[in-house]
Amino acid sequence: MMQWIDIDGSQGEGGGQILRTSLSLSMITGKPVRFNAIRAGRAKPGLMRQHLTAVLAAQEICNAQVVGAQLGSTELSFIPGKVRPGDYLFDLGGAGSCSLVLQTLLPALWLADGKSTIKLRGGTHNPMAPSVTFLQQVWLPLMAKMGAIATLRLIRYGFYPAGGGEVEVQVEPVNQWQTLNLMARGQVTAMSAYALTANIPDAVAVRELKVVNQRLGWHENLLYHQEVSPVAGSGNALLLQMNFEHLSEVVCTIGTRGKSAEKVAIEACAEMQAYLDSMAVVGEHLADQLLLPMALAGAGSFSTHKVTAHLSTNMGVIGQFVNVAMKICPQDSLFYIQIG
């Protein structure tokens, strides 16, 4: 008799990460999963386009049996087959996040028995999602340290709300997961700020970078304006990057209609300064994204300065699929996450 894993989509933060983590682990473990109350914690519950694309993409790479894969659906059943390496193309339509779909598929494809190529079309720099730059500069280098290799190429930028971006990822199968323990950042090795603009006045970038100079004290030779072309529509993103000996951190804020250039930059600077002041090794967004690969490796650890709803919810979901100990240990003003 089939042993289903039942996932309550309203648990914890009640968002799309519950769906994505569960799909990844269903493909990896071969365990069928039933969802109810999908994204119940959101203003528009149910499957939005990028979530539906993640479901259909997961279905394709493992030949899954799926019921309920429609826009707006709050219930879904997913019976995985064997993950198949290959060449895949998925179009999210509009500005749906390429990064979030990639983070659903990559853990499964890393455990396939051959190389894969994924092309994704959609948003590359979105509000409320990790940017493609974040994956390139922060997440994937740490995955490589764990033995999971994926080379991401940004072919075309896709800004919110028009989207139209394109990325290509070459995926190598994992030979052996390596344990990663991130207990120190190490010394600063580089820093930079990039104001990306597409079909908007140059003055926007100038104003954003001026705020970075004033707020963080970064010298002008660390500040860059990059005009992006060709793109669908128009767009703006401010990227702050700091490289340390053992990892990097990237903060990305998106310019949107009615939001001043100064506000975009102030938000980015505040987030980076909070990370620097905390002395935590891992930023709050990266923290929940390290849990699944560390659980697959069977062990790992890091410090972070904030236990977000995403982090605690992701721990709960992973625990339904994988029998691995996960602990949050508060100490002083930090939280130490221990896996295994």
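Each remark here, short or long, concerns the structure printed above.
Figured I'd write up the structure that's included with this text. The structure displayed is predicted, hence computed values, not measured ones. (Residues numbered from 1 in each chain as written. Predicted model: local features only at pLDDT ≥ 70, side-chain atom pairs only at ≥ 80, totals over all residues. Heavy atoms only, no water.)

**As for the layout of surface pockets**
Empty space among the atoms becomes apparent when a probe as large as a water molecule is rolled across them. A volume near 1,500 Å³ is recorded for the largest pocket. Taken together, 50 residues make up the lining of the largest pocket; nearest its centre are Leu100, Pro127, Met128, Ala129 and Pro130. Elements represented by at least two residues in the lining of the largest pocket include exactly α1 (16-29), α2 (49-62), α3 (98-110), α4 (132-145), β13 (248-254), α6 (261-278), α7 (284-297) and α8 (309-321). In this model, the second largest pocket occupies a volume close to 350 Å³. Ile200, Ser234, Gly255, Thr256 and Arg257 are the residues nearest the centre of the second largest pocket, which is lined by 16 residues in total. Of all elements in the fold, only α5 (202-216), β12 (235-244) and α6 reach the threshold of two or more residues within the lining of the second largest pocket. Top contributing element to the lining of the second largest pocket by residue count: α5, with three residues. Taken together, the residues of the lining of the second largest pocket break down into six nonpolar, six polar and four charged. (1 Å grid on protein atoms, 1.4 Å probe; cavity = no way out; pocket = protein on both sides within 12 Å on 5 of 7 lines; lining within 4 Å. Points joined across faces, edges and corners; volume = space filled by probe spheres on them. Helix = DSSP H or I, 4+ residues; strand = E, 2+ residues; numbered from the N terminus. Nonpolar A, V, L, I, M, F, W, Y, C, P; charged D, E, K, R; others polar.)

**Quick word on empty space enclosed by the protein**
For the coordinates displayed, the defined rule picks out one cavity of 30 Å³ or more. Empty space within the largest cavity amounts to approximately 30 Å³. If you go around the largest cavity, the residues you meet are Gly9, Gly15, Ile18, Leu19, Phe35, Asn36, Ile38 and Arg39. Those elements that place two or more of their residues in the lining of the largest cavity are α1 and β2 (33-36). Of the residues belonging to the lining of the largest cavity, the class tally is four nonpolar, three polar and one charged.

**Remarks on the pairing of strand β10 (residues 188-198)**
Summarising the sheet, β10 and β12 pair through ten bridges and their orientation is antiparallel. Bridging across to β12, Ala193 finds its partner in Leu240. Summarising the sheet, β10 and strand β11 (residues 223-227) pair through five bridges and their orientation is parallel. Residue pairing for β11: Thr197 is matched across the bridge by Glu227. The parallel pair β10 and β11 is bridged by α5, and the resulting crossover is right-handed. (Pairing = 2+ DSSP bridges. Right-handed = clockwise from strand over helix to strand, strands pointing away.)

**Thoughts on the side chain of Ser97**
Tracing the sequence through the fold places Ser97 in the loop between β5 (87-91) and α3. Residues in contact with Ser97, not counting those within four places in the same chain, are Gln50, Leu92, Gly123, Asn126, Ala129 and Pro130. (Contact = heavy atoms within 4.5 Å.)

**Let's talk about the environment of Tyr160**
With respect to the secondary-structure elements, Tyr160 resides in the loop between β7 (150-156) and β8 (165-171). Separated by 73 residues in the primary sequence, Tyr160 and Asp87 place their C-alpha atoms 27 Å from one another. In this structure, Tyr160 is in contact with Ala95, His125, Pro127, Ser234 and Thr256, ignoring residues within four places of it in sequence.

**Focus: the environment of Glu172**
By the element assignment, Glu172 lies in the loop between β8 and β9 (180-182). Of the residues examined, Glu172 reaches a relative accessible area of 31% and is grouped as partly exposed. Leaving out residues up to four positions away in the same chain, Glu172 has contacts with Trp110, Lys115 and Ile149. (Buried < 20%, exposed > 50% of the residue type's maximum accessible area, 1.4 Å probe, protein only.)

**Description of the sheet that holds strand β4 (residues 76-79)**
The strand order across the open sheet formed by four strands is β1-β2-β4-β3, and the pairing between neighbours is mixed. Only two strands of the sheet have a single partner each, and these edge strands are β1 (5-8) and β3 (65-67). The sheet shows a mean angle of 15° between the axes of neighbouring strands, direction not considered. Sheet strands touched by α1: β1, β2 and β4. Its angle to β2, the strand with the most contacts, is close to 170°. (Axes fitted to C-alpha atoms, helices over the stretch in contact; angles between N-to-C directions.)

**Comments concerning the nonpolar core**
Counting 107 residues, the largest nonpolar core has Leu105, Leu106, Trp110 and Leu240 as its most contacted members. Setting aside residues no more than four positions away along its own chain, Leu106 makes contact with Ile118, Trp139, Leu140, Ala150, Val169 and Val171. (Core = buried A, V, L, I, M, F, W, Y, C linked by side-chain atoms within 4.5 Å.)

**Examining the sheet that holds strand β15 (residues 326-331)**
Taken in spatial order, the four strands make up an open sheet running β9-β14-β16-β15, and their pairing is mixed. In the strand order of this sheet, the two ends are held by β9 and β15, each with one partner. Adjacent strand axes in the sheet meet at a mean angle of 20° when their direction is disregarded. Note: β15 against strand β16 (residues 334-339), six bridges, orientation antiparallel. From the neighbouring strand, Pro330 faces β16, where its bridge partner is Phe335.

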